[in-house]
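Chain by chain, the residues run as shown.
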Amino acid sequence: MSFHEIRFPVEIAFGATGGPERRTEIVTLGSGFEERNTPWAGSRRRYNAGYGLRSLDDVHEVISFFEARQARLIGFRWKDRADWKSCAPRGTIAADDQVIGTGDGITAVFALMKAYQSGAGSYTRDITKPVAGSVCVAVDGVEKVAGADFNVEVTTGVVTFDAGAIPADGASVTAGFAFDVPVRFDTDFLEINLAAFEAGSIPHIPIVEVRV
């Protein structure tokens, strides 16, 4: 699907609301017990960019961005200030933040991913839109050199090792990175009421994550 490698205005996105969404199907049995299931393997992020608008200049910037993306047609990057890097938001990105695979002496290609752990539960999320220049990689704790030992495709999140730096059999491959969420507008109609906006009303500008 069409996608522009451009980020939604960060200062406007900073004031937005939103987060992960999942789909759970619940059937209540005659006994009162429940059966729960989900058709989704992973979560999907949703946001409302309207809460980030603070001035008419912000409104104009969003209209321009909306028109250039042709509403819902073309996807773009979004910085989720609550979850935008391989560590906690206030942490420092390090090459050992996330395990992205184990070497076998042959495989040169690894995909970036981020693990979410709480108690016995866990979820691993594919990272397909890393931020250029932010990715650091280590093999068995030894950090590698970007451009010499490995390269990163920032449009897919794929790390490719140079032939002379392929991880050995059993070696732990880890990475640290900043990333964006691939999204699109979830409306074809951007309704802006300037009179209401100046009176404190917040326009609804829905944004939804897309699979790429």
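Residues numbered from 1 in each chain as written. Predicted model: local features only at pLDDT ≥ 70, side-chain atom pairs only at ≥ 80, totals over all residues. Heavy atoms only, no water.

Help me understand helix α2 (residues 56-68) in this model?
In an α-helix, one turn spans 3.6 residues; hence positions three or four apart end up facing the same way. End to end, α2 covers 18 Å across 13 residues, agreeing with the expected 18 Å (1.5 Å per residue, within 8%). All of the buried residues along α2 are D58, V59, V62, F65 and F66. Looking straight down α2, one finds its buried side chains confined to an arc of 125 degrees; they lie on one side. α2 presents D57, H60 and E67 as exposed residues on the side facing more than 90 degrees away from its buried surface. Q70, located one to two residues past α2, shows a positive phi value of around 55 degrees. (Helix = DSSP H or I, 4+ residues; strand = E, 2+ residues; numbered from the N terminus. Expected span 1.5 Å × (residues − 1). Buried < 20%, exposed > 50% of the residue type's maximum accessible area, 1.4 Å probe, protein only. Arc of directions from axis to C-beta.)

Hey, could you run me through the layout of surface pockets in this one?
Regions of empty space are outlined by a rolling probe, equal in size to a water molecule, passed over the atoms. Each pocket or cavity is described by its volume, and for the largest pocket that value is around 230 Å³. R125, D126, T128, E209 and R211 are, among the 17 residues lining the largest pocket, the residues nearest its centre. Broken down by secondary-structure element, the contributors of at least two residues to the lining of the largest pocket are β10 (121-126) and β16 (181-185). Top element by residues in the lining of the largest pocket is β10. It accounts for 3 residues. (1 Å grid on protein atoms, 1.4 Å probe; cavity = no way out; pocket = protein on both sides within 12 Å on 5 of 7 lines; lining within 4 Å. Points joined across faces, edges and corners; volume = space filled by probe spheres on them.)

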